[in-house]
Amino acid sequence: MPRVNLAEKFALIAEHWSPRTVATVNDYDIRLVKIQGEFVRHQHPDTDELFLVLDGALTIRMDAGDVVLGPGELYVVPAGTHHQPYAETETSVLLFEPSDVVNTGDAGGELTAPRVEL
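Calculation rules
- Residues numbered from 1 in each chain as written.
- Predicted model: local features only at pLDDT ≥ 70, side-chain atom pairs only at ≥ 80, totals over all residues.
- Heavy atoms only, no water.
- Helix = DSSP H or I, 4+ residues; strand = E, 2+ residues; numbered from the N terminus.
- Buried < 20%, exposed > 50% of the residue type's maximum accessible area, 1.4 Å probe, protein only.
- Salt bridge = Lys/Arg side-chain N within 4 Å of Asp/Glu carboxyl O.

## Some details on unusual backbone geometry
Moving on, step 1. Although it is not a glycine, Trp17 adopts a positive phi angle of roughly 65°.
Moving on, step 2. A positive phi angle, near 55°, is found at Asn26, a position not held by glycine.
Moving on, step 3. With respect to the helices and strands, the residue Asn26 is situated in the loop between β1 (20-25) and β2 (28-38).
Moving on, step 4. Residue Asn26 is classed as exposed on the basis of its relative accessible area of 72%.

## Things to note about the pattern of salt bridges
Moving on, step 1. Counting across every chain of the model gives 5 salt bridges.
Moving on, step 2. A salt bridge links Arg31 to Asp29, with the shortest nitrogen-to-oxygen separation between them at 3.1 Å. Asp29 matches Arg31 in its accessibility class, with the two residues each being buried.
Moving on, step 3. Residue Arg61 pairs with Glu38 through a salt bridge whose shortest N-O separation is 2.5 Å. One end of the pair, Arg61, is in strand β4 (residues 58-62); the other, Glu38, is in strand β2, with 23 residues separating them in the sequence.

So, in structure tokens, the structure goes:
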């Protein structure tokens, strides 16, 4: 596998809320996504989801309380936990999740993105 330069890959992403797979570890994807604004509230019934903020600030709204992350911070949303990512300004995030996970989880809708490799 060739090396992956995250800055170069992020430069190729123009849309918000459209994760791009940059590597695969067994049956898990490492995905990069630029986010801004409010995402749909959803859950992934069968899997955890890791969020690692590389630039900006991310709030993960959950029933038990919000988790606010800055650059270099990560949080794992447990399987079956409803969550709603939100970013006031453009934020760059690395996601680690099974390759077959749909970004909108059980909610579906217009923000559902296909699996795309960069």
